[in-house]
Amino acid sequence: MVGNPPWLAYRYMPPQMKSEFREMSTARGFWAGAAVATNQDLSALFVARATELYLRNAGRFAFVMPLAVLTRNQYAGFRSGRWSPGGTGGGAANVNAALDTAWDLHAVKPAFFPVPASVIRGHRTTEHGSTAPGTENWAGRISRRNAPLPIARPALTRAAATTAASGERSPYAARFTQGAILVPRFLVLVEPKSTGPFGAGAGRRMVGSRRSSNEKKPWKDLPALSGAVEKQFVRPIHLGDTILPFREQEPFLGVIPWDGRQLLQGSDDTIDLYPGFADWWRAAENTWNTYRSTDKLSLLDQLDYRRKLRAQFPAGEHRVVYTKGGMYLAAARVSDPSAVIDHKLYWAATSSIDEARYLTAILNSPALLETRPAAAGPR
C-alpha cells in the first residue's frame, strides 16, 4: 500500500469533521491535546485507518508524510506503532504497525511540497507496534520536481540511518510560546488611509482593513472596515512573512484591544473612553458574531485563545521569534515592546540582548536546520 495522504490541518477542518477526527484520534492514542491541536493533521489518522481497512497482516506500506511526523509531539502516538482503536473509534482490533527506517527528504531540492516531507514505511502486525529504528537522510538537487527515478537517482545521496534522540528537550522549550491567533485578518490587520482636510482627530490614526487574496469565505466577500482609531490601539504586528534570519522586516499594523491595563471588548464600559476604537471594535465584533462558524468564542476569545494575546503584555525589550512554517526556520530579535506576535511565530522574552543574539544564532544555524524540521513548535 503506497500513497500520499491528505495533510489537512485540524484548524481547517469543518466542525463535523473536527469532531469525528478527534474521536477517532483519541481512540487510537493519536490525540495529543488542545495545546497542539492546531498543529495536528489528517495524515497520521488516514494512514492508520487505511491500514486497518485495506492491508492484510504482514502487508507493507509506504506513505509520503510531513517531516514533522518524524519528531513532533503531535505524532508521538502514531510513531509508537500502536494503532489499535480503543473501542470507541470502531474497526478491527490489533491494528498495529512495525515501522521501518523512515526517510527524511527535506534536503532534496527542489522540494516536493510547500512544507518539508518524509516517507514512513513499515508493515501491519498483530503484535505490539514498534517505532522506527532511525531515519535515513536523503539529499541532492534533481532537475525538476516530478523527475522519474531513473533521472533523479544519480543526483541523490543517502546518508546512513540516524537514531532520533528520545525525550531530549531544550531548557528553553518552556519559555517559547505561540503568538496570538489574529484572524480573521481583515478585522485586525490594517493599513493607513488618507484623512481628508480635517485630519483624523487628535491622538487618532485613520486606518482601513488590510485585504489579501488569501482570505477565505465568508470573510473575503465582506466589506472592509475603516475608521479613525486612537493611536495606542494601532500596533506593529509581526507575522511569519516579516521575519528573516537575524532580521525583522517592516511589521504590519493591527488594531489590538489592549488599553495598557487590560483587554477590552464591546460590552466593557471603559471602551467608550476611546470612541474611535469603540466604533471599530464593535463593528468587528458584529461581523464576527454574524459570520463565525458554530464555535461560540467571542472575537476577543478568538484573539486571546489560551491567553496567547494577553501573555504579550507588557512585553520585554528583547524578544526572540522564529517561524512556525515554511521550508526553513528563520529567527530574529524583536526589540519593539509595542509589537504583537501572531500565531505564525513562536516567541520568548530574553533577559538581555546577548541572550537574544545567542538564541538567534542557534536557531538560524545550519546544524539545527539539518536536524530539525522547520515548522513545529518549541523543542
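Residues numbered from 1 in each chain as written. Predicted model: local features only at pLDDT ≥ 70, side-chain atom pairs only at ≥ 80, totals over all residues. Heavy atoms only, no water.

Time to look at the environment of Arg-292. Looking at the secondary structure, you find Arg-292 in the loop between α6 (275-291) and α7 (299-303). Overall, Arg-292 belongs to the partly exposed group, its relative accessible area being 24%. Separated by 108 residues in the primary sequence, Arg-292 and Pro-184 have C-alpha atoms spaced 9.5 Å apart. Each residue touching Arg-292, except ones within four places of it in the same chain, is listed here: Trp-219, Leu-297 and Ser-298. In terms of polar contacts, Arg-292 uses its side chain to reach the side chain of Asn-289, at 3.3 Å. At 2.8 Å, the side chain of Arg-292 forms a polar contact with the backbone oxygen of Leu-297. (Helix = DSSP H or I, 4+ residues; strand = E, 2+ residues; numbered from the N terminus. Buried < 20%, exposed > 50% of the residue type's maximum accessible area, 1.4 Å probe, protein only. Contact = heavy atoms within 4.5 Å. Polar contact = N/O pair within 3.5 Å; in protein donor to acceptor, adjacent residues only side chain to side chain.)

With that settled, the discussion passes to the pairing of strand β2 (residues 60-66). Across two bridges, strand β1 (residues 2-3) lies against β2 in parallel orientation. In the sheet register, Gly-3 faces β2, and the bridge partner there is Phe-63. Sheet topology places β2 next to strand β5 (residues 117-125); seven bridges connect them, and they run antiparallel. If you follow Arg-60 over to β5, its bridge partner there is His-123. (Pairing = 2+ DSSP bridges.)

Once that is clear, we can look at the sheet that holds strand β8 (residues 177-178). If you walk across this open sheet you meet the four strands as β8-β19-β16-β17, and the pairing is antiparallel. The outermost strands of the open sheet, each flanked by one partner alone, are β8 and β17 (331-334). Bridge count for β8 against strand β19 (residues 345-349) is two bridges, and the pairing is antiparallel. When the sheet's bridge partners are listed, Thr-177 is paired in β19 with Trp-347. Contacts from helix α8 (residues 353-363) reach β16 (319-323) and β17, with the element oriented near 165 degrees to β17. (Axes fitted to C-alpha atoms, helices over the stretch in contact; angles between N-to-C directions.)

By themselves these figures say nothing about function.
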